[in-house]
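# Chain and residue survey
Below are the chains, spelled out letter by letter.
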Amino acid sequence: MTRPFNFSAGPAAIPDAVLIQAAGEMLDWHGSGMSVMEMSHRGKEFMSIYEEAEADLRDLLAIPANFKILFMQGGGIAENAIVPLNLSQEGTVDFVVTGSWSQKSFKEAAQFCKPHLAASAQTAKFSNIPLPSQWQLSSDANYVHVCTNETIDGVEFHELPDIKALGSQAPLVIDFSSHVASRSFDWSKVGLAFGGAQKNLGPAGLTLVVVREDLLGKAMKHCPSAFNYKMVADNGSMYNTPPTYSIYMAGMVFKWLKAQKENGVTGVAAMEMRNIAKATLLYNYLDQSQLYENRVEKPFRSRMNVPFYLKDESRNEAFLAGAKTRGLLQLKGHKSVGGMRASIYNAMPLEGIKALVSYLQDFEATQA
Ligand SMILES: *Cc1c(COP(=O)(O)O)cnc(C)c1O
């Protein structure tokens, strides 16, 4: 069965091979007589799933031994509160606002700490990322927050900021929800990374937190126990029942990622090459087109989320209807910015981009 290409921003496409495997194992996982959904999270069957998923993820993302991997619930939006509850000590936190998601984080943090706007690209309509050397970092910040891929605005950090080199002693917190596992990360620059699974890792319900050990144990008194990173870490993410089925699905995605090959490399390195090729093909087409435009400055364009606009917006509905008949789904842009958006995460093959470009071309030709 061939399925349409799904450009959803999230919950997003999952590799066919993973869905097929999950379907085959639905009623009876590995002769256990149980669906993974029906297993005790502390039983030996689920523990083996859990331990493999964690080990595969550590390997895949090259996460150093001094970082804990936490599998939590709540999603990225809950982390906007959970991070300050754990790390802010009610003090100053620096925020760099590069789009809708970091803006949301900045606003939410005000309930828990003293957020300081170190830089914002709002006046540039989130079409770029302010130069790190111009950020107004505080001397007493408890951490610095950035969203490294702005899912709605289509802006991505192609290099993590080195805030230590900018004179900050604070740990860097990154929201990497929508580009985790699409590229490698330099963990030496990171204190904590969080992300919901539903963009690039699997189904919704699982929230990944990767946290440096020395940042544990600083939570405020009123931080809920289930959201206290130290409590979660000390209990191997089983202080409360973790999202077991989502962990199982993500575990299969990790194995799928590890098996991907491109030009002699595997895993995330292979995905990164493929993602560069995919994004290049799409942006190149948009840039030469008379009908479509992407409004993000070139050095800051996301490889994962490509927002674009029809110069004649009265054609939007016709564009989306035509896309659907060609098997190209969920191209409508986020309601806050309008237009179109192609989210092209790891599970989107190059063939999907070719099909999209071919449709963009045909639709443009009918407008002439
Ligand atoms: C999707 C997303 C979120 C929010 O995730 P929820 O699971 O809805 O809480 C946060 N940050 C970024 C960058 C996202 O893409």
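Residues numbered from 1 in each chain as written. Predicted model: local features only at pLDDT ≥ 70, side-chain atom pairs only at ≥ 80, totals over all residues. Heavy atoms only, no water.

### Quick word on the overall build of the chain
Let me state the cut-off plainly: The secondary structure listing takes helices from DSSP runs of H or I that are at least 4 residues long and strands from runs of E that are at least 2 residues long, numbered from the N terminus. To get the radius of gyration, use the C-alpha atoms; to get the globule rule, take the number of residues to the power 0.38 and multiply by 2.2 Å. The cut-offs for exposure are 20% and 50% of the maximum accessible area for each residue type, with area from a 1.4 Å probe on protein chains only; residues under the lower value are buried, those over the upper are exposed, and the others partly exposed. Here a residue-residue contact requires only that any non-hydrogen atoms of the pair lie within 4.5 Å. The accessible surface values rely on the Shrake-Rupley method and a 1.4 Å probe; as for residues, cover is taken only from the protein chains in view. Only four residue types enter the charge count, namely Lys and Arg as positive and Asp and Glu as negative; His and the chain termini do not. By convention, the point assigned to a charge is CZ for Arg, NZ for Lys, CD for Glu and CG for Asp.
Looking only at helices and strands, one finds nine helices and 16 strands in the chain. Taken over C-alpha atoms, the radius of gyration comes to 21 Å for the chain, in line with the 21 Å a tight globule of 368 residues would show. Taking the principal axes of the C-alpha coordinates as reference, the chain spans close to 65 × 60 × 35 Å. The buried share of the chain, taken over its 368 residues, is 55%. For the chain, the share of sequence-separated contacts (at least 6 apart) that also reach a separation of at least 24 residues comes to 67%. Of the roughly 15800 Å² of accessible surface on the chain, 52% is carried by carbon and sulfur atoms. Side chains of the chain carry 34 positive and 36 negative charges; the gap between the two charge centres is 2 Å.

### Brief notes about the pairing of strand 10 (residues 207-212)
The criterion, for reference: When DSSP finds two or more bridges between a pair of strands, those strands are recorded as paired.
In terms of residue burial, strand 10 counts as a mostly covered element, since five of its six residues are buried. Taken together, the six bridges between strand 2 (residues 67-72) and strand 10 define a ladder with antiparallel strand orientation. Paired with Phe71 across the bridge in strand 10 is Leu208. Across five bridges, strand 9 (residues 192-196) lies against strand 10 in antiparallel orientation.

### Some words on the sheet that holds strand 4 (residues 114-120)
Each strand in a sheet pairs with another by means of backbone hydrogen bonds, the pair being arranged parallel or else antiparallel. Definition in use: A fitted line through C-alpha atoms represents every axis, and for helices the fit uses only the stretch in contact; the resulting angles, taken between N-to-C directions, go from 0 to 180 degrees.
Pairing is mixed in the open sheet, where seven strands are placed in the order 2-10-9-8-5-3-4. Of all the strands in the sheet, just strand 2 and strand 4 have a single pairing partner and so form its edges. The sheet shows a mean angle of 20° between the axes of neighbouring strands, direction not considered. Relative to strand 4, strand 3 (residues 92-97) runs parallel, the two being bridged by six bridges. From the neighbouring strand, Thr92 faces strand 4, where its bridge partner is Lys114. With respect to the sheet, helix 3 (residues 75-87) is in contact with strand 2, strand 5 (144-147), strand 8 (172-175), strand 9 and strand 10, its orientation differing from that of strand 9 by roughly 155°.

### What about the site of the ligand?
We apply this condition: Near is defined per residue: the residue qualifies when any heavy atom it owns lies within 4 Å of the molecule or strand. Pairing of N or O atoms within 3.5 Å defines a polar contact, subject to two protein rules: one partner must be a possible hydrogen donor and the other a possible acceptor, and residues neighboring in sequence count only if both atoms are side-chain atoms.
What surrounds the ligand is the set Gly75, Gly76, Ile77, Trp101, Cys147, Asn149, Thr151, Asp175, Ser177, Ser178, Gln198 and Lys199. Note that an oxygen atom of the ligand is positioned 2.4 Å from one of the side-chain N or O atoms of Thr151. Between the ligand and Asp175 there is a distance of 2.7 Å, counted from a nitrogen atom to a side-chain nitrogen or oxygen. Within the complex, 85% of the 390 Å² of free accessible area of the ligand lies under protein. No other element matches the three residues that helix 3 contributes to the shell around the ligand.

### What to know about the domain arrangement of the chain
Quick note on the threshold: Segmentation into domains, and thus their bounds, comes from an automatic or database assignment. In short, buried area is how much 1.4 Å probe accessible area vanishes from two parts on joining, totalled over both. Criterion for a salt bridge: a side-chain nitrogen of Lys or Arg within 4 Å of a carboxyl oxygen of Asp or Glu.
Taken domain by domain, the chain holds domain 1 (17-258) and domain 2 (263-366). In this structure, domain 1 and domain 2 have C-alpha centres spaced 26 Å apart. On the domain 2 side, the residues contacting the 25 residues of domain 1 number 24 residues. Carbon and sulfur atoms make up 52% of the surface buried where domain 1 meets domain 2, a total of about 2100 Å² over both sides. Summed over the shared surface of domain 1 and domain 2, the result is zero salt bridges. Remark: the boundary between domain 1 and domain 2 carries 13 residue pairs in polar contact (both at pLDDT 80 or more).

### Considerations on the state of the cysteines
So the rule is basically this: The disulfide definition used here is simple: a pair of cysteine sulfur atoms within 2.5 Å.
Enumeration over the complete set of coordinates arrives at zero disulfides. Between Cys113, a cysteine without a disulfide, and Cys223, which holds the nearest cysteine sulfur, the sulfur-to-sulfur distance is 13 Å.

### Structural notes on the environment of Lys125
Here Lys125 lies in the loop between strand 4 and strand 5. For the pair Lys125 and Asp153, spaced 28 residues apart in sequence, the C-alpha separation works out to 8.9 Å.

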